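Results of the structural survey
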Amino acid sequence: MMTSAQMRAARALLGMDQRQLAQLSGVSLPTIRRMEASDGNVRGNVDSLVKVVDALSAAGVDLIGDGAPSPDGGRGVRLKPRKGANGS
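Bear in mind the structure is a predicted one, so any value in this text is a computation, not a measurement.

To continue, consider the overall build of the protein. When its secondary structure is counted, the protein shows four helices and zero strands. From first element to last, N terminus to C terminus, the protein shows the α and β order α-α-α-α. Counting only residues that meet the buried cut, the protein has 27% of its 88 residues in that class. As displayed, the protein has an accessible area near 6,300 Å², and 51% of this comes from carbon and sulfur atoms.

Below, the structure is given as structure tokens:
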């Protein structure tokens, strides 16, 4: 699964706007907008999600899931777990 934050971050790393991602993936612009507006994991048609993930991958972005290693190494970005309200 891909989160909406990962999707936006991947576009930012590539210097790509939503319209460009829609064209690259073959998914409509409104679908890209809905995906990025999702709360947490991207919601949508599985076929559309696969097209977007494949397009981002082809453009040079590896999406890393929670707790997954980064086997190819290199630079990357990963969100740290949020600390609880009590600071732990």
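Further remarks concern helix 2 (residues 18-25). An α-helical turn contains 3.6 residues, so any two residues separated by three or four positions project in the same direction. Here helix 2 has its buried residues at Leu21, Ala22 and Ser25. Looking straight down helix 2, one finds its buried side chains confined to an arc of 100 degrees; they lie on one side. Looking at the buried side of helix 2, the elements it contacts are helix 1 (4-14), helix 3 (29-37) and helix 4 (46-59). Its side-chain oxygen placed 3.2 Å from the backbone nitrogen of Arg19, Asp17 serves as the N-cap of helix 2. Phi turns positive one or two residues past the end of helix 2, at Gly26, with a value near 80 degrees.

Among the nonpolar cores identified, the biggest contains 16 residues, and Met2, Met7, Leu21, Ile32 and Val52 are the most heavily contacted of them. Elements with a contribution of two residues or more to this core: helix 1, helix 2, helix 3 and helix 4. Top element by residues in this core is helix 4. It accounts for four residues. Setting aside its immediate chain neighbours within four residues, Met2 contacts Met7, Asn41, Val42, Leu49, Val52, Val53, Leu56 and Leu63.

A few words on the confidence of the model for the protein. Of the residues in the protein, 85% have a pLDDT of 70 or more, and the chain-wide mean is 86. Within the protein, no element has a lower average pLDDT than helix 1, which sits at 93, and none a higher one than helix 2, at 98.

Below, the discussion takes up the packing of helix 1 against helix 3. The N-to-C vectors of helix 1 and helix 3 enclose an angle of 120 degrees; their axes lie 7 Å apart at closest approach. On the basis of the axis angle, helix 1 is oblique to helix 3. On the side of helix 1, the interface is formed by Ser4, Met7, Arg8 and Arg11, while helix 3 contributes Ile32, Met35 and Glu36. The residue inventory of the contact of helix 1 with helix 3, partitioned by class, reads three nonpolar, one polar and three charged.

Definitions and cut-offs
Every chain is numbered on its own, with residues counted from 1 as its sequence reads. Predicted model: local features are reported for residues with pLDDT of at least 70 only, side-chain atom pairs are reported and counted for 80 or more only, and whole-chain, interface and lining totals are derived from all residues. Side-chain numbers come from the whole structure's heavy atoms, not from hydrogens or water. Secondary structure is summarised from DSSP: a helix means a run of H or I of at least four residues, a strand means a run of E of at least two, and numbering begins at the N terminus for each. The rule is simple: take the accessible area with a 1.4 Å probe, protein chains only, and divide by the maximum for that residue type; under 20% is buried, over 50% is exposed, in between is partly exposed. Here the Shrake-Rupley method, with its probe set to 1.4 Å, supplies the accessible areas, and only the displayed protein chains count as covering residues. Directions from the helix axis toward the C-beta atoms define the arc. Here, residues are in contact when the closest pair of their heavy atoms is within 4.5 Å. Pairing of N or O atoms within 3.5 Å defines a polar contact, subject to two protein rules: one partner must be a possible hydrogen donor and the other a possible acceptor, and residues neighboring in sequence count only if both atoms are side-chain atoms. The definition of a nonpolar core used throughout is a set of buried Ala, Val, Leu, Ile, Met, Phe, Trp, Tyr and Cys residues joined through side-chain atoms within 4.5 Å. Residue-level confidence of the predictor is summarised by pLDDT, bounded by 0 at the bottom and 100 at the top. For helices, the axis comes from a line fit to the C-alpha atoms of the stretch in contact; other axes are also lines fit to C-alpha atoms, and the angle between any two N-to-C directions lies between 0 and 180 degrees. Should an angle lie under 35 degrees it is considered roughly parallel, over 145 roughly antiparallel, and from 65 to 115 roughly perpendicular; all remaining angles are considered oblique. Classification used: nonpolar for Ala, Val, Leu, Ile, Met, Phe, Trp, Tyr, Cys and Pro, charged for Asp, Glu, Lys and Arg, polar for all others including Gly.

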